[in-house]
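Topology and contacts: notes
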Amino acid sequence: MTAIRKLLIVEDDEAFARTLRRSFERRGYLVEAAASHEELTALLERFHPAYAVVDLKLGGASGLACVQTLRAADAAMKIVVLTGFASIATAVEAIKLGASYYLAKPSNTDDIEAAF
């Protein structure tokens, strides 16, 4: 029997989050989603993922705070940061804060899963 792979998606684009969710569920992941840091914090009280996908820009907020929260919740969690605004500075900051990998959008499920 394979272990349940739990994934958390932090993405404010509802359509993109839904597409990612479906794609990962078809691959056998148990998926939850949050659209903000506040939702993420509340979700972590009951859901303990091994993997996370975090959008760098969450409305007017930064996904980097989410990376810090996730890393604090589980030091072994695999965290992939996605962004449509890739830069060396944000990549370095994301990795310093605990992201495992940094991908520019558009990225698909194969790219994200390979980063895990």
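Right, let's walk through the structure included here.

Rules and cut-offs
- Residues numbered from 1 in each chain as written.
- Predicted model: local features only at pLDDT ≥ 70, side-chain atom pairs only at ≥ 80, totals over all residues.
- Heavy atoms only, no water.
- Helix = DSSP H or I, 4+ residues; strand = E, 2+ residues; numbered from the N terminus.
- Rg over C-alpha atoms; globule rule 2.2 N^0.38 Å.
- Contact = heavy atoms within 4.5 Å.
- Areas by Shrake-Rupley, 256 points an atom, 1.4 Å probe, with all protein chains shown as cover.
- Lys, Arg positive; Asp, Glu negative; His and termini not counted.
- Charge placed at Lys NZ, Arg CZ, Asp CG, Glu CD.
- Axes fitted to C-alpha atoms, helices over the stretch in contact; angles between N-to-C directions.
- Parallel < 35°, antiparallel > 145°, perpendicular 65-115°, else oblique.
- Left-handed = near helix turned anticlockwise from the far one by under 90°.
- Nonpolar A, V, L, I, M, F, W, Y, C, P; charged D, E, K, R; others polar.
- Pairing = 2+ DSSP bridges.
- Right-handed = clockwise from strand over helix to strand, strands pointing away.
- Polar contact = N/O pair within 3.5 Å; in protein donor to acceptor, adjacent residues only side chain to side chain.

Some details on the overall build of the chain
When helices and strands are counted, the chain shows five helices and seven strands. Shown N-terminal to C-terminal, the secondary structure of the chain runs as helices and strands in the order β-α-β-α-β-β-β-α-β-α-β-α. Compactness check: the chain gives a C-alpha radius of gyration of 13 Å against a globular reference of 13 Å for 116 residues, within 12% of the reference. Viewed in the frame of its principal axes, the chain has a C-alpha envelope of about 40 × 30 × 25 Å. Considering only contacts in the chain between residues 6 or more positions apart, those separated by 24 or more positions represent 62%. Taken as a whole, the chain presents about 6200 Å² of accessible surface, with 55% of it coming from carbon and sulfur. Averaging the positions of the 13 positive and the 15 negative side-chain charges in the chain gives two centres separated by 4 Å.

With respect to the packing of helix α3 (residues 64-73) against helix α4 (residues 88-97)
Between α3 and α4, the shortest axis-to-axis distance is 9 Å and the interhelical angle comes to 20 degrees. For the element pair α3 / α4, the angle class is roughly parallel. Two packed elements cross with a definite hand, and for α3 against α4 that hand is right-handed. Across from L64, V67, Q68 and R71 in α3, the residues of α4 making contact are E93, A94 and L97. The residue inventory of the contact of α3 with α4, partitioned by class, reads four nonpolar, one polar and two charged.

Topic: the pairing of strand β7 (residues 101-104)
Across four bridges, strand β6 (residues 78-83) lies against β7 in parallel orientation. Its bridge partner being in β7, V80 is matched across the sheet by Y101. For the handedness criterion, the β-α-β arrangement of β6, α4 and β7 is classed as right-handed.

Concerning unusual backbone geometry
Omega for the bond connecting K105 with P106 falls within 30 degrees of zero, at 0 degrees, which places this linkage in the cis form. As for its position among the elements, P106 is in the loop between β7 and α5 (109-115).

Re the side chain of S107
Here S107 shows up in the loop between β7 and α5. Here A104 takes part through its backbone oxygen, which lies 2.6 Å from a polar atom of the side chain of S107. Once residues within four sequence positions are removed from consideration, S107 is found in contact with F16 and L82.

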